[in-house]
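# Geometric and topological summary
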Amino acid sequence: MPNVSTPRLWIYSIFNLSLLVLLGAWLWSQNKPVNLTEPTLPESGKLQCVSYAPYYGKDQTPFIKGTVISRQQIDRDLELLAKRSECVRIYSVSQGLDYVPEAAARLGLKVLMGAWIGADKIENDREVALAIKLANEYPQAIRAMVIGNEVLLRKEQTAEQLKAYFDQVKAATHVPITYADVWEFWLRHKELEASVDFVTVHVLPYWEDDPQPIERAISHASGVMQRLQASFTKPLLIGETGWPSVGRQRNGSKPSLLNQAEYIRAFVSTAQHNGWQYNVIEAMDQPWKRELEGAVGGYWGLYTTDLEPKFPFNGPVSERHDQPADLAIWLASGAVVLILFTLLADERRLPALIGSGLLGALAGLCAKLQWQYLIEACRNTLEWSLLGGVTIAGILLLIAIPTQFNRQSDSGNKLIKLCMWLIAIGVFTCCMLSLPTLQIVNIFGLTDPFATRWLFEIDGRYRDFPLPLYALPVIQLAIGLTILNISRRNTWRPYKALNLLALAAMVACIAFETENRQAIAWLLLVLATTYATWPRTTLLHKLKTLNA
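Residues numbered from 1 in each chain as written. Predicted model: local features only at pLDDT ≥ 70, side-chain atom pairs only at ≥ 80, totals over all residues. Heavy atoms only, no water.

### Side note on the state of the cysteines
In plain terms, the rule: A pair of cysteine sulfur atoms is labelled a disulfide when the two atoms are within 2.5 Å. Under the DSSP-based scheme used, a helix requires at least four consecutive residues in state H or I and a strand at least two consecutive residues in state E, with every element numbered from the N terminus. When accessible area is computed with a 1.4 Å probe and restricted to protein chains, residues below 20% of their type maximum are described as buried, those above 50% as exposed, and intermediate ones as partly exposed.
All told, the structure shown has 1 disulfide when counted by the stated rule. Each sulfur of the disulfide joining Cys49 and Cys87 lies 2.3 Å from the other. Every disulfide takes its handedness from the sign of the S-S torsion; for Cys49 and Cys87 that torsion is -50°, giving left-handed. One end of the pair, Cys49, is in the loop between α1 (6-31) and β1 (50-51); the other, Cys87, is in strand β2 (residues 87-90), and 38 residues separate them in sequence. Neither Cys49 nor Cys87 differs from the other in exposure class; each is buried. Cysteine Cys419 is unpaired, with the sulfur of Cys366 as its nearest cysteine sulfur at 16 Å. For Cys431, which is in no disulfide, the shortest distance to another cysteine sulfur is to Cys430 and amounts to 7.0 Å.

Dropping the structure here:
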């Protein structure tokens, strides 16, 4: 193959410079402080209540039997939360959480104490008995008992079975009791109102069947509350409300730090104005929830896992907090590496060195974003291996491009095609995993509970679009190699099926989520991948076919 011409190298340099300017502008906008709603808080300056689950440390999860949270950790956590909230809500009294009422009482914190109700009667009975004991020991600290959380949503107990637990607790203690579930399930089971002292509903605009964008989230919450107030006569408590700071966008509902801060600030102001009782979910980020809900499940906290506040309650907020010196190191390191590979390929032309240096700078900045994405999204060794493998393939592709400027080698070309194959497989897999299976099947009226629950587990609502891992490699495959006139010709016919299925999956996703900009960006990436990998039959192959 001949050298890449000097004019093409200059065009390629301008192309990479344009990408670098766009990425720099995006990083600048993400680090720019933004003025948000200034919250109206009570005279104490504190939230009414916040969900507290102490499973934010390494390998801490309620799923591991025998887990016990230390008293020292609970003391430290509650001392921190007492500065920002008047109350904490806990969901269980097992695994060391039976200590929370005692610790909270010393700090003047109130407790919404939960008794976890699941499918196992023996465990339920043990949980309820311990909760009753604590309610009788610490009646001044325990504001109310929450007997069961989203049990009806999970279909682990019937309304009649729950009512039996309510009656048991009411007969054994004088502490007010309630039951917590998403607001639609309360409307479906209004008969439970007679068995509780107040109605506890979850109002989460992000998780609605019709996800709400941040611009409509507060008006949506207000509409829900008006409907509930018209449906129930007993007092209402919003048992969970909040917004995630990281994760997959659901239609117009986008997780971000700015949106989280805006929602919390606007919500507490609205609650103060309307006299709503509420509890914010949640105190600390919960990494273990990513196993249930994807990356988004782990990032609802007001505090990080390092117990650092994620945003202030007053003043402007920035989405990112990148340090210029840190960005410069990533940028310079990438530029140096790519220039070295260009020199090792015996390429000395100025536009080639500029083009590879700019590509390296892009790769360095993207590597920082990729590393952050992997930390946020990867939940286990398998995901680290697969997503990490895709990231490495993309990096190898970028490294291989400058080595093709001068006397394009077969080995370099083979590396580009291998990386292209890995990236195409990865894009296809992500598209298939993102399918809204529940919504598609619901069109056909599926009612089987087992099938519905299985489809719920694999539904695309829990899958991220890993744009940071794929964006730069795919752009270089589709546009960069075209500018350079570097061959990526292939005759592997399965590419056609992979590309068409990936496109069909994304059309299905966007049909149900027309406001999802992440999905639209991923569709554009799939189109670029399709263009870059579509099999192109060579003239020699056509002649052989005709002769045959």
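### What about the environment of Val50?
Put simply, the test is: Contact definition: two residues touch when any of their heavy atoms are within 4.5 Å.
Relative to the elements of secondary structure, Val50 occurs in strand β1. Through-space distance from the C-alpha of Val50 to that of Leu396 is 46 Å; in sequence the pair is 346 residues apart. Sequence-distant contacts of Val50, defined by excluding residues within four places in its chain, comprise Ser85, Cys87, Val88, Arg89, Asn279, Val280, Glu282, Ala283 and Leu302.

### Here's the deal with the pairing of strand β7 (residues 236-241)
Note the cut-off: DSSP calls a pair of strands paired once it identifies at least 2 bridges connecting them. Call a crossover right-handed when, viewed with both strands pointing away from you, the route from the first strand across the helix to the second goes clockwise.
Most of β7 is tucked away: 6 of the 6 residues are buried. Note that strand β6 (residues 198-202) and β7 share 4 bridges and pair parallel. Counterpart to Val199 in the pairing with β7 is Leu236. You can see the chain leave β6, run along helix α8 (residues 214-231) and come back into β7, and the turn it takes is right-handed. Inspection of the sheet shows β7 paired to strand β8 (residues 277-280) by 3 bridges, in the parallel sense.

### Looking at unusual backbone geometry
The residue after Ile281, namely Glu282, is reached through a cis peptide bond having omega 5°. Inspection of the secondary structure assignment puts Glu282 in the loop between β8 and α10 (290-293). For Lys155, which is not glycine, the phi torsion reads 60° and is therefore positive. Along the chain, Lys155 falls in the loop between α5 (151-154) and α6 (159-172). Despite not being glycine, Asn485 has its phi angle at roughly 60°, a positive value. Within the element layout of this structure, Asn485 appears in the loop between α17 (467-484) and α18 (494-512). Given a relative accessible area of 51%, Asn485 falls into the exposed group.

### Quick look at the environment of Arg89
Under the convention used in this document: Pairs of N or O atoms are called polar contacts if they sit within 3.5 Å, as long as, within protein, a hydrogen donor faces a hydrogen acceptor (for residues adjacent in sequence, only side-chain-to-side-chain pairs).
Within the fold, Arg89 resides in strand β2. In this structure, the C-alpha to C-alpha distance between Arg89 and Ile281, residues 192 residues apart in sequence, is 9.0 Å. At 2.7 Å, the side chain of Arg89 and the side chain of Asn149 are in polar contact.

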